[in-house]
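# Survey of secondary and tertiary structure
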Amino acid sequence: MDEIKKRKLEEIGDGQFLHNFGDDGGYSAVDELRGVLEGFPKPQLVDILARAGSQYPSIAEEIRSVASADPALRKLFVRGLAWNTTTESLCAAFEEHGEVEEGAVIYDKQTGKSRGYGFLTYKDMESAQRALKAPSKMIDGRMAVCNLASEGLSSSSNTSDQSQRKLYIGGLSPETTTEMLLNCFGRYGEIEEGSVTYDKETNKSRGFGFVTYKNVELANRALDDPQIIIGGRKITVKLADNYRAKASQMPSSAVPLPPQMPGGYPPMGSGFPMGYGYPQSMFPYYTGSYSSPTSGTAAPYPQMPYPYAQYPVKRDGASPQGSHGGYHPYYMSK
């Protein structure tokens, strides 16, 4: 081993930064190590860096510095917010994990109402990591869940077994709150997320909700209990996927269809009252000449094969004819 490489390796043992290698302009140890590490899988690289950072504080500090500089590692996506949750209440709920740099609840541009989710960015990565260790948080009576915004909706909870962990809870009374729901089902095990479903316009309960457990075993405990009562009501508990499948199998006859309009008339909502309006397509006006009927006497109507009886017509002052000559009298003089 030449003296340059030997000196650089000794500097690693003294906790020197790797980017100090190669200052002499020659082939550095960094270049050599980079060529070796390029073929490593990501999990192995993470393990190497984690062990190096735990052994050398300078390396750990540089890893934290690089990570905190990337907003993608500090920005969280928060879903399941109550309709009345504001940006202020969202940020206040997450300040226990560290300083929040910015945050916002997302509102619908047309209605001005919350869309039930928002974003927040921490000042440093460590704060974001602390928040992710406890992703479920009660905010304004609703169980909100967070994950890295870079993951979108595909958070850690959306695993392959989520369909076996997420339960549909039906038959809830209007007075049942999310806290009551979570307290009841929390006795079967740790809940990852859950909430009563509320109407967006009235903010009233729709009579059902969802609960997602940490694992399948806990969900099965709740499914195996046939007598679950909340607010004095016996409720329905089933897998959420089964509920969605049943809803999707609703017959098409149950869906109201718009009335069929006669051909050529405008559809509903086009500006004309139903059944009125000019046809959309019309035949062109005939501009040619029509042929005249042939001259001469028209052929007589065909004669009946059997003659019918002839009857005289009464005239004032005149006596009807007698029965002679084939006529039958119908009027008798006084």
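Worth saying up front: this structure is predicted, and the values here are computed from it rather than measured.

Along the chain, the regular secondary structure elements total 10 helices and 11 strands. Looking at the chain as a whole, 27% of its 334 residues qualify as buried.

The final tally for this structure, using the stated rule, is seven aromatic pairs. Ring plane angle 50° and centroid distance 5.4 Å describe the contact between Phe77 and Phe119, whose orientation is recorded as tilted. Taken together, the positions of Phe77 in strand β1 (residues 75-79) and Phe119 in strand β3 (residues 114-122) put the pair 42 residues apart, joining distant regions of the chain. For Phe77, a relative accessible area of 7% puts it in the buried group. Between the aromatic rings of Phe208 and Phe210, the centroid separation amounts to 6.0 Å while the plane-to-plane angle is 85°, which identifies the pairing as edge-to-face. Phe208 gets classed as buried once you look at its relative accessible area, which sits at 11%.

Here the focus is the pairing of strand β4 (residues 136-139). Of the two faces of β4, only one is covered, namely that formed by Lys137 and Ile139; the face formed by Ser136 and Met138 stays uncovered. Bridge count between β4 and strand β5 (residues 142-148): four bridges; the pairing is antiparallel. For Ile139, the partnering residue across the bridge sits in β5 and is Arg142. Once β4 ends, the chain turns through two residues before running back antiparallel as β5, passing Asp140 with a positive phi of about 55°.

Next up on the list: the sheet that holds strand β2 (residues 100-107). One open sheet accounts for five strands, arranged β2-β3-β1-β5-β4; its pairing is antiparallel. Because the sheet does not close on itself, it has two edges, and the strands there are β2 and β4. Along the sheet, successive strands turn relative to each other by an average axial angle of 25°, direction set aside.

Bringing the packing of helix α3 (residues 42-55) against helix α4 (residues 57-69) into the picture now. Any two packed helices are characterised by how steeply their axes cross, that is the angle between the axes, and by the distance between the axes. Two numbers describe how α3 lies on α4: the axes approach to 5 Å, and their chain directions differ by 125°. Considering their axes alone, α3 and α4 lie oblique with respect to each other. In terms of crossing hand, the pair formed by α3 and α4 is left-handed. Along the contact surface, α3 presents Leu49, Ala52, Gly53 and Gln55, while α4 presents Pro57, Ile59, Ala60 and Ile63. Its residues assigned to classes, the contact of α3 with α4 shows six nonpolar, two polar and no charged.

Moving on, we come to the sheet that holds strand β6 (residues 166-170). Strand order across the open sheet formed by four strands is β7-β8-β6-β11, with antiparallel pairing between neighbours. The open sheet has two free edges, formed respectively by β7 (191-198) and β11 (236-239), since each of these has just one partner strand. The sheet shows a mean angle of 20° between the axes of neighbouring strands, taken without regard to direction. In the sheet, β6 pairs with strand β8 (residues 205-213) via five bridges, with the strands oriented antiparallel. Paired with Ile169 across the bridge in β8 is Gly209. Where helix α8 (residues 178-185) meets the sheet, it contacts β6, β7, β8 and β11, and its direction lies at approximately 140° from that of β7.

Judged by how many residues are buried, β7 sits mostly within the fold: eight of eight residues are covered. The sheet contact formed by β7 and β8 spans six bridges and is antiparallel. Residue Ile191 lies in a different strand from β8, and its bridge partner there is Tyr213. If you look at the hairpin formed by β7 and β8, you'll find six residues sitting between the two strands, and Asn203 has a positive phi there, around 60°.

Ranked by size, the top nonpolar core spans 21 residues in total, and within it Ile169, Leu181, Phe185 and Tyr213 carry the most contacts. Of all elements in the fold, only β6, α8, β7, β8 and α9 (216-224) reach the threshold of two or more residues within this core. The element best represented in this core is α8, accounting for four residues. Dropping the residues within four chain positions of it, Tyr213 is found in contact with Arg165, Leu167, Phe185, Tyr188, Gly189, Glu190, Ile191, Glu192, Leu218, Ala219 and Ala222. Membership of the second largest hydrophobic core comes to 17 residues, among which are Val78, Ala131, Ile139 and Cys146.

As a further point, take unusual backbone geometry. One non-glycine residue, Asp140, lies in positive phi territory at about 55°. Positive phi, close to 60°, is recorded for Asn203, a residue that is not glycine. Of note, Asn203 is situated in the loop between β7 and β8. For Asn203, a relative accessible area of 41% translates into the label partly exposed.

Let's shift gears to the pattern of salt bridges. If you walk through the whole model with that rule in mind, you get 10 salt bridges. In this structure, Glu96 and Lys137 form a salt bridge, with 2.8 Å as the shortest nitrogen-oxygen distance. Remark: Lys137 occurs in strand β4 and Glu96 occurs in the loop between α5 (87-94) and β2; sequence separation between them is 41 residues. With a relative accessible area of 60%, Glu96 lands in the exposed category. Of the charged contacts, one joins Arg165 and Glu192 as a salt bridge, the two residues approaching to 3.5 Å between their closest N and O atoms. Taken as a pair, Arg165 in helix α7 (residues 162-165) and Glu192 in strand β7 lie far apart in primary sequence, 27 residues in all. With respect to burial, Arg165 and Glu192 carry one shared label: buried. Because the salt bridges share partners, they merge into one network encompassing Asp161, Arg165 and Glu192.

Parameters and conventions
- Residues numbered from 1 in each chain as written.
- Predicted model: local features only at pLDDT ≥ 70, side-chain atom pairs only at ≥ 80, totals over all residues.
- Heavy atoms only, no water.
- Helix = DSSP H or I, 4+ residues; strand = E, 2+ residues; numbered from the N terminus.
- Buried < 20%, exposed > 50% of the residue type's maximum accessible area, 1.4 Å probe, protein only.
- Phe/Tyr/Trp six-rings, centres within 6.5 Å; stacked < 30°, edge-to-face > 60°.
- Pairing = 2+ DSSP bridges.
- Axes fitted to C-alpha atoms, helices over the stretch in contact; angles between N-to-C directions.
- Parallel < 35°, antiparallel > 145°, perpendicular 65-115°, else oblique.
- Left-handed = near helix turned anticlockwise from the far one by under 90°.
- Contact = heavy atoms within 4.5 Å.
- Nonpolar A, V, L, I, M, F, W, Y, C, P; charged D, E, K, R; others polar.
- Core = buried A, V, L, I, M, F, W, Y, C linked by side-chain atoms within 4.5 Å.
- Salt bridge = Lys/Arg side-chain N within 4 Å of Asp/Glu carboxyl O.

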